[in-house]
Amino acid sequence: MATTSHYASSAVAPWRRYLELTKPRVVSLIVFTALVGTLLACPGLPPLAPLVFGNLGIALAAACAATINHVLDRRIDEQMTRTRGRPLPTGTLSERNALTFAAVLGVASMAILAFRVNLLTAVLTFLSLIGYAVIYTVWLKRATSQNIVIGGAAGAAPPVLGWCAVTNSVDPNALLLFLIIFVWTPPHFWALAIARRDEYARAGIPMLPVTHGIDYTRLQVLLYTVLLTLVTLLPYVTRMSGLLYLAVALGLNAGFLYYALALKITRRAELPMRVFRFSVNYLMWLFAALLIDHYLPALRGGALPP
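To start, this report covers the structure provided alongside it. Since the model is a prediction, treat every value here as computed from it, not as a measurement.

### Overview of the nonpolar core
Stage number 1. Leu40, Trp184, Trp190, Tyr282 and Phe287 are the most contacted members of the largest nonpolar core, which has 59 residues in total.
Stage number 2. Excluding anything up to four places from it in sequence, Leu40 contacts Trp163, Leu177, Met240, Leu290, Leu291 and His294.
Stage number 3. Of all hydrophobic cores here, the second largest spans 14 residues; its members include Leu60, Ala61, Cys64 and Ala65.

So, in structure tokens, the structure goes:
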């Protein structure tokens, strides 16, 4: 079976192996939230340079961090069904090749952000990269069951980075976007951790379901979802957004609360992964609602202000 898996992996085009190192699904969500931050940073369309080069630099940095994560987590990936088919565990790419690829991505990212956007965005993006690729992966992930809570700060940074690319500053509304993703991360990831609890236990990773049990984790998912519901109302309360966003947020939060409550009171085996998948769509549609609400007045008027 292992031979068949390795043969199948070897037959994959080399560029696809490198693409897999970047975790494209994760990076696409990161870039989407960064893009929303970029577009929300000004009343109309942002200047072309921060819009294009800012999000390109953020995307390359996220891909760099994901590649480093593959290298540092190779031993863990070998022990988990979900990840043992990745390029490094299967041997279809070497650690040296992966690190070289990560270095190219990282240097390109910092050069683009520093020289085509602004230095503050480059510095904040670099700190976010280090936060995820080194602090979370090397230390937090293996040190505490609160790893995803503390490490979630790095994953919540992209909309702030996108906003900063336009304004060259860290504004309160950008921090509000950060807060939404920061509070969203634990219930999102803990649902996956419940589904993969035995694999994390075998790998020796102290995820919350491993250290405190599944029932306790289910309760935490519900409590964080309640907190998330309150946090996502803040854009409307602070007049950052309007009624369209409020309506979408209320609907999405009702769905998330339903899933979180079902996860708490039932033991259906498929439910944790359903919660996990819903949480991904939740964040995507929530940020899409922020963006549409932002441009709705201009769309009604038939033109976007410069």
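On we go.
### Here we look at the packing of aromatic side chains
Stage number 1. Overall, the coordinates contain 9 aromatic pairs when judged by the stated rule.
Stage number 2. Note on Phe178 and Phe182: the rings are 5.9 Å apart at their centroids and 10 degrees apart in plane angle, and the pair reads as stacked. Within this pair, Phe178 and its partner Phe182 are both found in helix 11 (residues 172-195), separated by 4 residues, close to a single helical turn.
Stage number 3. On the accessibility criterion, Phe178 (24% relative accessible area) is partly exposed.
Stage number 4. Judged by relative accessible area, which is 27%, Phe182 ranks as partly exposed.
Stage number 5. Note on Tyr258 and Tyr259: the rings are 5.7 Å apart at their centroids and 70 degrees apart in plane angle, and the pair reads as edge-to-face.
Stage number 6. Note on Tyr259: relative accessible area 17%, which makes it buried.
Stage number 7. Here the aromatic residues Phe256, Tyr258, Tyr259, Phe278 and Tyr282 are joined through ring pairs into a cluster of three or more.

### Considering the pattern of salt bridges
Stage number 1. Enumeration over the complete set of coordinates arrives at 9 salt bridges.
Stage number 2. For Arg74, the salt bridge is made with Glu95, and the minimal N-O distance between the two is 3.6 Å. Linking Arg74 in helix 5 (residues 74-79) with Glu95 in helix 7 (residues 95-117), this pair joins segments that are 21 residues apart in sequence.
Stage number 3. Take Arg74: its relative accessible area is 24%, and that puts it in the partly exposed class.
Stage number 4. One salt bridge in this structure joins Glu270 and Arg268, with 3.1 Å as the shortest N-O distance.

Reading guide: rules and limits
- Residues numbered from 1 in each chain as written.
- Predicted model: local features only at pLDDT ≥ 70, side-chain atom pairs only at ≥ 80, totals over all residues.
- Heavy atoms only, no water.
- Core = buried A, V, L, I, M, F, W, Y, C linked by side-chain atoms within 4.5 Å.
- Buried < 20%, exposed > 50% of the residue type's maximum accessible area, 1.4 Å probe, protein only.
- Contact = heavy atoms within 4.5 Å.
- Phe/Tyr/Trp six-rings, centres within 6.5 Å; stacked < 30°, edge-to-face > 60°.
- Helix = DSSP H or I, 4+ residues; strand = E, 2+ residues; numbered from the N terminus.
- Salt bridge = Lys/Arg side-chain N within 4 Å of Asp/Glu carboxyl O.

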